[in-house]
Amino acid sequence: MINETALLESPTLRGSVLARTDVLDRVKALSLLPDGMHVTTAMVASYFDVGLEAIKSLVKDHRTELEASGYRLLTGEELRSFKNLSGIQSRTRSLALFPRRAVLNIAMLLRDSEVARQVRVYLLDTEYLTRTQPVENLAPMDAASLDARIDQRITHVLGTTVVPMFNALIETSGEHRRELIALRAGVQHIEKRLRQHHTRLQRLESPREDRPLAGVMAAMDAMNGREFEEHVAGLLRRDGCTDVVLQGGGRDRGIDITARTADGRRLVVQCKRFAPHLSITSPEVQKFLGAAKVLHDSEAALFVATCPFTRDALNIAAESGITAVHRGLLEEWSGGTPLAVLE
């Protein structure tokens, strides 16, 4: 079984769990750059509540390992291209970028951060529960069921170990009896809330006729940017679109996918795989509008995102004929409900 010490010391063990980037958002929301895929050194430091020098020092000491996880230092033309595509306004001559895998790698190297420690604890719990599944259960465990099992494990520990320990201390302590009783009450309250949370999750995640099965959005949240674009392209093909082409790269002119609707209209699509707590803002919609109408002369346009849109962004989209496919609508579309603009 992997333990925290081994994780901190072994590059091989760290590399074996880099795919579990979902643990980052389960500990603390990770804000991403507008490209929906990367963070800067300052954003990494902010996430882990440490100074910039702590992250820079780790990069210096473990550069080869972090580069294997996707870390890059952009300069020159590559930097200018990234700034243009992402809309970043900065005069810096170099920019360090960390994808989610590299951020998780940092969490497994950073010793003096409570957030990093919590990520490691959650990661180790995840690995433990995955490794201890019955052999005959070949179906992969989704994030929701894994969360439920972790909640159950914590509840079990509180009920069978922590509370009885407080009971014993209360019986033998005179001076601190009141404080111990208060602490025990707090632990029992946490245990109760976890049980309520588990019950609520079971109710929310049970199949219903009026919505797709649970896990649709969780699967998309686990995708990288290219995988998300391919998913959207698949939905377009499913709904009758033809000539579906993924653009990508520095020459996409602000468009991720081009296609023809079933009735022959020119269609362009922008895809943003952002964290659910972020929002698409009006400048992003305006930028897409220029690319869609001016550069591509489109007849239909979709702005597809895994997060909400601000009210101003929705108004601009509605006024300009852009279909804003927000998180809720994306879930319905992925679950089988076609978009009206494609019919």
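Residues numbered from 1 in each chain as written. Predicted model: local features only at pLDDT ≥ 70, side-chain atom pairs only at ≥ 80, totals over all residues. Heavy atoms only, no water.

Participant: Outline the overall build of the protein, supporting the account with residue identities and numerical values.
Facilitator: A tally of helices and strands in the protein yields 16 helices and eight strands. Residues counted as buried form 42% of the 343 residues belonging to the protein. Residue pairs at least 24 apart in sequence account for 61% of intrachain contacts in the protein once pairs closer than 6 positions are excluded. (Helix = DSSP H or I, 4+ residues; strand = E, 2+ residues; numbered from the N terminus. Buried < 20%, exposed > 50% of the residue type's maximum accessible area, 1.4 Å probe, protein only. Contact = heavy atoms within 4.5 Å.)

Participant: How would you sum up helix H4 (residues 41-48)? Please name residues and give values.
Facilitator: Turning to H4, its buried residues number three or more, namely Thr41, Val44, Ala45, Tyr47 and Phe48. Angular distribution of buried residues about the axis of H4 spans 160 degrees; they occupy a single face of the element. Looking one or two residues past H4, aspartate 49 carries a phi angle of roughly 55 degrees, positive in sign. (Arc of directions from axis to C-beta.)

Participant: Could you give an account of the sheet that holds strand E7 (residues 300-305), with specific residues and numbers?
Facilitator: Across the sheet, five strands lie side by side as E4-E5-E6-E7-E8; this open sheet has mixed pairing. The strands lining the two open edges of the sheet, one partner per strand, are strand E4 (242-246) and strand E8 (322-325). The mean angle between the axes of side-by-side strands here comes to 15 degrees, regardless of whether they run parallel or antiparallel. Of the strand pairs in this sheet, E7 and E8 are connected by four bridges, and their pairing is parallel. Note that in E8 the partner of leucine 302 across the bridge is threonine 323. With respect to the sheet, helix H13 (residues 225-238) is in contact with E4, strand E5 (257-260), strand E6 (266-272) and E7, its orientation differing from that of E4 by roughly 175 degrees. (Pairing = 2+ DSSP bridges. Axes fitted to C-alpha atoms, helices over the stretch in contact; angles between N-to-C directions.)

Participant: I'd like to hear about H13, residue by residue, with values.
Facilitator: An ideal rise of 1.5 Å per residue puts 20 Å on 14 residues; H13 measures up with 20 Å between its terminal C-alpha atoms. All buried positions along H13 are accounted for by Gly225, Phe228, Glu229, Val232, Ala233, Leu235 and Leu236. Taken around the axis of H13, the buried residues stretch over an arc of 155 degrees, which confines them to a single face. One side-chain oxygen at the N-terminal end of H13 lies 3.1 Å from the backbone nitrogen of arginine 226; it belongs to asparagine 224. Backbone geometry just downstream of H13 places glycine 240 in the positive-phi region, at approximately 95 degrees. (Expected span 1.5 Å × (residues − 1). Polar contact = N/O pair within 3.5 Å; in protein donor to acceptor, adjacent residues only side chain to side chain.)

Participant: So, the side chain of threonine 306: which residues are in play, and what are the values?
Facilitator: Along the polypeptide, threonine 306 turns up in the loop between E7 and helix H15 (311-320). Within polar-contact distance, the side chain of threonine 306 engages the backbone oxygen of phenylalanine 274 at 2.6 Å.

Participant: Quick one: what's the story with the sheet that holds strand E2 (residues 72-75), residue by residue and with numbers?
Facilitator: The three strands lie next to each other as E1-E3-E2, forming an open sheet whose pairing is antiparallel. Only two strands of the sheet have a single neighbouring strand rather than two, namely strand E1 (38-39) and E2. Judged from the four bridges that link them, E2 and strand E3 (residues 94-99) form a sheet pairing that is antiparallel. What sits directly across from threonine 75, in E3, is serine 94. Contacts between helix H8 (residues 100-107) and the sheet are confined to E1 and E3, with E3 contributing the most and set at about 80 degrees to the helix.

Participant: So what's going on with the packing of H13 against helix H16 (residues 327-334)? Which residues, and what values?
Facilitator: One way to put it is that H13 packs onto H16 with a least axis distance of 11 Å and a crossing angle of 55 degrees. Put simply, H13 runs oblique to H16. Handedness of the crossing formed by H13 with H16: left-handed. From H13, Phe228, His231, Val232, Leu235, Leu236 and Arg238 reach across to H16, where they touch Leu330, Trp333 and Ser334. Residue classes in the contact of H13 with H16 are distributed as six nonpolar, two polar and one charged. (Parallel < 35°, antiparallel > 145°, perpendicular 65-115°, else oblique. Left-handed = near helix turned anticlockwise from the far one by under 90°. Nonpolar A, V, L, I, M, F, W, Y, C, P; charged D, E, K, R; others polar.)

Participant: Got a sec to walk through the side chain of arginine 273? Specific residues and values, please.
Facilitator: By the element assignment, arginine 273 lies in the loop between E6 and helix H14 (282-295). On the basis of relative accessible area, arginine 273 is assigned to the buried category, the value being 6%. Looking at arginine 273, its side chain comes within polar contact range of the main-chain oxygen of methionine 223, at 2.8 Å. Ignoring sequence-local partners within four residues, the contact set of arginine 273 consists of Leu32, Gly36, Arg100, Met220, Asp221, Met223, Asn224, Gly225, Phe228 and Thr306.

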